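Here are the chains, one letter per residue:
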Amino acid sequence: MIKVGLLGAGRIGNVHAKSIAANADSQLVAVSDVNQAAAEKLAAGYGAQARSSLDIIHDPSIDAVLIATSTDTHAGLIEAAAAAGKAVLCEKPVDLSLERALACQAAVAKTGKPVMIGFNRRFDPNFAAVKRALEAGEIGKGELLSITSFDPAPPPVSYIQVSGGLFRDMAIHDFDMACWIFGGAPVEVSAVGTSIVDPAIGEAGDVDTAVITLRWADGRIAVIKNSRRAVYGYDQRLELLGSTGLLQAGNVLENTVNKVTTAGATSAKPEYFFLERYMRAYEAEWRAFIDAVKAGTGYPVTLQDGVNALAVAEAATLSCKTGQTVRLKDGRPVVG
Ligand SMILES: NC(=O)c1ccc[n+]([C@@H]2O[C@H](COP(=O)([O-])OP(=O)(O)OC[C@H]3O[C@@H](n4cnc5c(N)ncnc54)[C@H](O)[C@@H]3O)[C@@H](O)[C@H]2O)c1
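Just so you know, the residues in each chain are numbered from 1, in the order the chain's sequence is written. Two thresholds apply to this predicted model, a pLDDT of at least 70 for residue-level local features and 80 or more for giving and counting side-chain atom pairs, whereas whole-chain, interface and lining totals are computed over all residues.

With that out of the way, let us pick up the overall build of the protein. A tally of helices and strands in the protein yields 13 helices and 16 strands. The globule rule puts the C-alpha radius of gyration for 336 residues at 20 Å, and the 20 Å found for the protein is close to it. For the protein, the spread of C-alpha atoms along the three principal axes comes to 55 × 55 × 45 Å. Of all 336 residues assigned to the protein, the portion counted as buried reaches 46%. When contacts within the protein are restricted to residue pairs at least 6 apart in sequence, those whose partners lie at least 24 apart make up 68%. Helix numbering and strand numbering both begin at the N terminus, where a helix is a DSSP run of H or I of at least 4 residues and a strand a DSSP run of E of at least 2. Taken over C-alpha atoms, the radius of gyration is set against a globule rule of 2.2 Å times the number of residues to the power 0.38. Partly exposed residues are those whose C-beta has more than 12 but fewer than 20 other C-beta atoms within 10 Å; 20 or more makes a residue buried and 12 or fewer makes it exposed, with C-beta atoms placed from the backbone. A pair of residues counts as a contact when their C-beta atoms, built from backbone coordinates, are separated by no more than 7 Å.

Below, the structure written as structure tokens:
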């Protein structure tokens, strides 16, 4: 049984607690949060203890740590947990800044401990099936990837202000998806963005609607469309055109009922948001982490993957601000 400490008892911490408890090989033994009441409430629901993050990290009886705290704390907690010899799964993104993420990666390398980053969408059964079909050669070579990723409603501006912006906070999932599907990282990033959904988001220095184009060195292209508002629910689709065919992964709907009458044909809406749509993916992500810990093998999503996606996010942020295409050279954004 792998004993687990969960750092962060917020929205996603509550989701992960369920996955930890649902896995027969892991047990949630401790929860931390700077909001003590939140830690105590979550811990009580699973028969775990509320403790401080450092207390959990330095407890030799705890095998693994899941970091689900606010983004600006990730790098420091990853470093501390890896140095303490823990198995680590940390939520995306690695940090708000690429430089800090690279420093974290260097510090972790010295410990020799691998770290897994929580790009849960790789574990969505539909997207995973696309990846498998591509790898099996079923559509030849993937050439043009289109990702649609719309949230149902924008978060409060207080969240926007600490999130690192749409590219680091939201599109980062899509950057990882593109890097995972195509392999490696793009060499060129262009982004346009606007705050058409809520002007207050623009006043906070962020965008709520964006289109990003990524180009790989061999000419493959990925186009990502993001919006913070799709009134009908969480719109998460992917289309991959290959040299001998096309793969499409559609939305997961609230139910499978189609109604056809003389007025027309209708189906249910997409599931509302990430808690509904990706519940199976979070469980599968945790299963993959625990299986790797037990087997002593590498993780399916690495710290390098987290750094790559963050480099693309910084490049997109820069491109959106300057109106120029940004190149990625040696993993760092370069304008011009
Ligand atoms: N993979 C996904 O689908 C997904 C979804 C949502 C959030 N996230 C990521 O998860 C992280 C948390 O997001 P959230 O939506 O749960 O936010 P949240 O604000 O609901 O929860 C974060 C919690 O961390 C606590 N916290 C902050 N600093 C801490 C520290 N030093 N030690 C212990 N606790 C601390 C806060 O008090 C809060 O309860 C973010 O990095 C976010 O990007 C990922």
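UniProt positions are given in the numbering used here, feature names are shortened, and annotations may be inferred rather than shown by experiment. UniProt tags residues 127-247 as "domain: GFO/IDH/MocA-like oxidoreductase" (unreviewed entry). Along residues 127-247 one finds 31% helix and 34% strand; the C-alpha atoms at either end are 10 Å apart.

Let us now look at the site of the ligand. Lining the immediate surroundings of the ligand are 24 residues, of which Gly-8, Gly-10, Arg-11, Ile-12 and Glu-91 lie closest. Among the elements that make up the shell around the ligand, the one with the highest residue count is helix α1 (residues 11-22) (3 residues). Here, nearness means that the C-beta atom of a residue, built from backbone geometry, sits within 6 Å of the molecule or strand in question.

What follows covers the sheet that holds strand β11 (residues 235-242). Ordered by their spatial adjacency, 8 strands build an open sheet running β12-β11-β7-β10-β9-β8-β15-β16, and the pairing between neighbours is mixed. In this open sheet, the two edge strands, each paired with only one partner strand, are β12 (245-249) and β16 (332-335). Neighbour-to-neighbour, the strand axes of the sheet open up by a mean angle of 20°, direction not taken into account. Two strands qualify as a pair provided that DSSP identifies no fewer than 2 bridges between them. In terms of strand pairing, strand β9 (residues 209-215) meets strand β10 (residues 221-227) through 7 bridges, oriented antiparallel. When the bridges of β10 are listed, Ile-212 appears paired with Ile-224. Fitted lines through C-alpha atoms serve as axes, helices being fitted only where they are in contact, and the angles separating the N-to-C directions of these axes extend from 0 to 180 degrees. Its contacts with the sheet put helix α9 (residues 171-182) on β7 (142-150), β9, β10 and β11, and the angle it makes with β7 is roughly 160°. Strands β8 (188-194), β9, β15 (326-329) and β16 of the sheet are contacted by helix α13 (residues 303-322), whose axis makes an angle of about 55° with β8.

So, about the nonpolar core. Judged by nonpolar contacts, the single largest core of 94 residues is most densely connected at Ile-78, Val-88, Ala-171, Ala-178, Val-312 and Ala-316. Counting residues per element, this core draws most heavily on α13, at 10 residues. Buried Ala, Val, Leu, Ile, Met, Phe, Trp, Tyr and Cys residues whose C-beta atoms connect them within 7 Å together make up a nonpolar core.

Below, the discussion takes up the UniProt feature "domain: Gfo/Idh/MocA-like oxidoreductase N-terminal" (unreviewed entry) in the protein. Taken from the UniProt record, the annotation "domain: Gfo/Idh/MocA-like oxidoreductase N-terminal" (unreviewed entry) applies to residues 2-119. End C-alpha to end C-alpha, residues 2-119 measures 22 Å, and it is 43% helix and 24% strand.

With that settled, the discussion passes to the domain arrangement of the protein. With domains assigned, the protein is organised as domain 1 (2-113) and domain 2 (122-280 + 308-335). Between domain 1 and domain 2, the C-alpha centre-to-centre distance is 27 Å. In this complex, domain 1 contributes 9 residues to the contact, which on the side of domain 2 involves 11 residues. Here the limits of each domain have been adopted from an automatic or database domain assignment.

Packing of helix α4 (residues 74-83) against helix α5 (residues 98-111) brings their axes to within 9 Å, and their N-to-C directions diverge by 5°. In terms of their interaxial angle, α4 and α5 are classed as roughly parallel. Every residue of α5 that contacts α4 at Ala-75, Ile-78, Glu-79, Ala-82 and Ala-83 is listed here: Arg-100, Ala-101, Cys-104, Ala-107, Val-108 and Thr-111. Three classes are used, and their members are as follows: Ala, Val, Leu, Ile, Met, Phe, Trp, Tyr, Cys and Pro are nonpolar, Asp, Glu, Lys and Arg are charged, and the others, Gly among them, are polar. Partitioning the contact of α4 with α5 into residue classes produces 8 nonpolar, 1 polar and 2 charged. Angle categories: roughly parallel below 35 degrees, roughly antiparallel above 145, roughly perpendicular from 65 to 115, and oblique for all the rest.

Turning to the packing of α9 against α13, a few remarks are in order. Contact geometry for α9 and α13: axes closest at 9 Å, N-to-C directions at 120°. With respect to each other, α9 and α13 are oriented oblique. Crossing hand, α9 versus α13: right-handed. Only Asp-305, Asn-308, Ala-309, Leu-310, Val-312, Ala-313 and Ala-316 of α13 make contact with α9, whose side of the interface consists of Ala-171, Ile-172, Phe-175, Asp-176 and Cys-179. Counted by class, the contact of α9 with α13 contains 9 nonpolar, 1 polar and 2 charged residues. By definition, turning the near helix anticlockwise from the far helix through less than a right angle yields a left-handed crossing, and turning it clockwise yields a right-handed one.

On to helix α6 (residues 125-135). Of the residues making up α6, those classed as buried are Phe-127, Val-130 and Leu-134. What you see down the axis of α6 is that its buried residues fit within an arc of 50°, all on one side. With respect to the buried face of α6, the exposed residues turned more than 90 degrees away are Pro-125, Ala-129, Arg-132 and Glu-135. Note that the arc is computed from the directions linking the helix axis to the C-beta atoms.

With that settled, the discussion passes to the pairing of β11. Of the strand pairs in this sheet, β7 and β11 are connected by 8 bridges, and their pairing is antiparallel. Counterpart to Phe-150 in the pairing with β11 is Asp-235. As paired elements, β11 and β12 share 5 bridges and run antiparallel to each other. If you follow Glu-239 over to β12, its bridge partner there is Gln-248.

Once that is clear, we can look at the environment of Ala-129. When you line up the elements, Ala-129 lands in helix α6. Its 12 C-beta neighbours within 10 Å are what place Ala-129 among the exposed residues. When the C-alpha positions of Ala-129 and Ser-267 are compared, they lie 23 Å apart, and in sequence the two are 138 residues distant.

Quick look at the environment of Ala-87 now. Residue placement: Ala-87 occurs in strand β5 (residues 87-91). Judged by C-beta crowding, with 24 C-beta atoms within 10 Å, Ala-87 ranks as buried. Separated by 23 residues in sequence, Ala-87 and Ala-64 have C-alpha atoms that sit 4.5 Å apart. Not counting residues up to four positions away in its chain, the partners in contact with Ala-87 are Asp-63, Ala-64 and Val-293.

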